[in-house]
Amino acid sequence: MAESMRSNNIRQKGLVDASRCLTYDMDLSEVSEQEHPDVEGAVPGKQPKTVYVKVVFLKLGEIETVKEQFVADVFIQARWREQVLDSCKSEKVDFNKYWNPNIQIQNLTSSTKRNKWNEIRFGKSGEAFIVERRRISGTFTEKMELEDFPFDSQDLSILMTSDLPVKEVILEEDNQDLSTINVASFADEQEWFLSDHVESNKSVIRKEFTQSKNVEFPVLRVSCIATRQFMFFVWNIIIITFIISTLSFATFSVDRTLPQNRLQLAFTLTLTGVTFRFVANQSLPKISYLTKLDKYILFCMIFNFLVSVWHAGGSQIDDGTAADGQHDFWAFIFFIILYSSFQLLFFLTVLIRYLVARQKIEMKMKAYQEKAVLVLGQKWSSNRRVKSDRNSNRINPTQF
């Protein structure tokens, strides 16, 4: 009788044994009902628990545009409030007996290393938080937006979700720990430029394996931005294609009475442009839309085609002006105006879109620095070069 009254008192007050940090005789089925309700819906009137997430991009490896994936080593920290541990003073806690958001990395395809550990953290007022930390090295998928290729910028994201619906858990970026990125260890810097900021976005999804299609699950996307170094494609594809297509004007120097010689030169230039088209395709996935590079090469091929059609059809013109060759001269002027107009329009379009994209990135960087001032008390930036200790060959480790 006395033992039963003691158990009831402990259950009501939620006391925790400081030596073992476990409730005495609390019914585990009751805990499961309160902390882990069924997927179809939470307990009526219960507020969802907020989980604060921090992500650190420790190292970014190769970014594969064709496969739409990237390699990364990331550190993920999640913390949430646990009231029953407020009076806990022991470091030995069985975290399996407490609530867990069951965070999953949705866009992780394969991993070479996974480490996971938990600890208790106390706030300024003594409130207890369970902190779950994990380090993952693997390959992550990312849907590339390639309309502006090769003048594009890509979001490299870590997509986190929970096995619990939004009625039970909310995923948010940590407002006390800043998510950061280590750009000094970026392995693909010859092809990409990595920005110093990290951004996050919240959304919801519906999972197909749930019984009810109306159940929504929280999603937190934490991403960094990589801007492609486009000069390789400018020098090796765009300029070469420009030279090949410009040589089409040289075919007008051949006597107009020798269309077979003109066509021979025009066909050679057209086939050379086709070769460069295949080279450009090797740098892109099989997408259903045209990129900036596709449009440029395609126009140059169409331009060579139009010149060839003129040389084939112009030789059949037989009128009063054919003797002095005025029709050939005006065709030459028309092709110059068409070609110059496209080149100017293409250059201005690329320049404007690139500057607008850079401005958006700078605005995001400004917002990130404002957040850093609130969290750290100062602005934050990652070192572009890894600093080594002068007295040894050891590299200073990255701080989480």
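Residues numbered from 1 in each chain as written. Predicted model: local features only at pLDDT ≥ 70, side-chain atom pairs only at ≥ 80, totals over all residues. Heavy atoms only, no water.

By the naming in an unreviewed UniProt entry, the protein chain is Cys-loop ligand-gated ion channel, taken from Mizuhopecten yessoensis. Looking at the protein chain in UniProt, the text filed under Subcellular location (unreviewed entry) is "Membrane". (UniProt positions renumbered as here; feature names shortened; annotations may be inferred.)

Caption draft 1: Expanded view of the overall build of the protein chain. A count of helical and extended segments in the protein chain gives 6 helices and 10 strands. Residues classed as buried in the protein chain amount to 42% of the 400 residues present. Considering only intrachain contacts with a sequence separation of at least 6, the fraction spanning at least 24 residues in the protein chain is 75%. Accessible area of the protein chain: about 23000 Å², with a carbon and sulfur share of 55%. (Helix = DSSP H or I, 4+ residues; strand = E, 2+ residues; numbered from the N terminus. Buried < 20%, exposed > 50% of the residue type's maximum accessible area, 1.4 Å probe, protein only. Contact = heavy atoms within 4.5 Å. Areas by Shrake-Rupley, 256 points an atom, 1.4 Å probe, with all protein chains shown as cover.)

Caption draft 2: View of helix α3 (residues 231-246). A bend of about 25° at Ile-238 is the largest found in α3. Those residues of α3 that sit buried are Phe-233, Val-234, Ile-237, Ile-238, Thr-241, Ile-244 and Ser-245. Looking at the buried side of α3, the elements it contacts are β10 (217-228), α4 (259-281), α5 (292-314) and α6 (326-376). (Bend = angle between axes of the 7 residues up to and from the residue.)

Caption draft 3: How the structure looks around the packing of aromatic side chains. All chains considered together, the criterion is met by 24 aromatic pairs. On the numbers, 5.6 Å between centres and 20° between planes, the contact of Phe-70 with Phe-140 is stacked. With Phe-70 in strand β2 (residues 69-81) and Phe-140 in strand β5 (residues 128-141), the pair connects residues that are 70 residues apart, well separated along the chain. On the accessibility criterion, Phe-70 (0% relative accessible area) is buried. In textbook terms, an aromatic cluster arises when at least three aromatic residues are bridged by ring pairs, as seen for Phe-242, Phe-249, Phe-252, Tyr-296, Phe-299, Phe-303, Phe-332, Phe-334, Phe-335, Tyr-339, Phe-342 and Phe-346. (Phe/Tyr/Trp six-rings, centres within 6.5 Å; stacked < 30°, edge-to-face > 60°.)

Caption draft 4: Seen up close, the pairing of strand β4 (residues 108-122). In terms of strand pairing, β4 meets β5 through 13 bridges, oriented antiparallel. Following the sheet pairing, Arg-121 is matched in β5 by Phe-129. Once β4 ends, the chain turns through 5 residues before running back antiparallel as β5, passing Gly-126 with a positive phi of about 90°. (Pairing = 2+ DSSP bridges.)

Caption draft 5: Region of the structure containing the pattern of salt bridges. In this structure the tally under the stated criterion is 18 salt bridges. Across the salt bridge formed by Lys-371 and Glu-173, the nearest N and O atoms sit 3.0 Å from each other. With Lys-371 in helix α6 and Glu-173 in strand β7 (residues 169-173), this residue pair connects regions lying 198 residues apart in the sequence. Here Lys-371 falls in the partly exposed class, since its relative accessible area comes to 28%. Glu-173 sits in the buried class, given a relative accessible area of 17%. (Salt bridge = Lys/Arg side-chain N within 4 Å of Asp/Glu carboxyl O.)

Caption draft 6: Spotlight on the sheet that holds strand β3 (residues 103-105). The strand order across the open sheet built from 4 strands is β3-β6-β10-β9, with neighbouring strands paired in antiparallel fashion. Looking at strand neighbours, the two that pair on one side only are β3 and β9 (192-205), the edges of this open sheet. Ignoring strand direction, the axes of neighbouring strands in this sheet form an average angle of 25°. Lying over the sheet, α6 contacts β6 (153-162), β9 and β10, oriented at roughly 75° with respect to β9. (Axes fitted to C-alpha atoms, helices over the stretch in contact; angles between N-to-C directions.)

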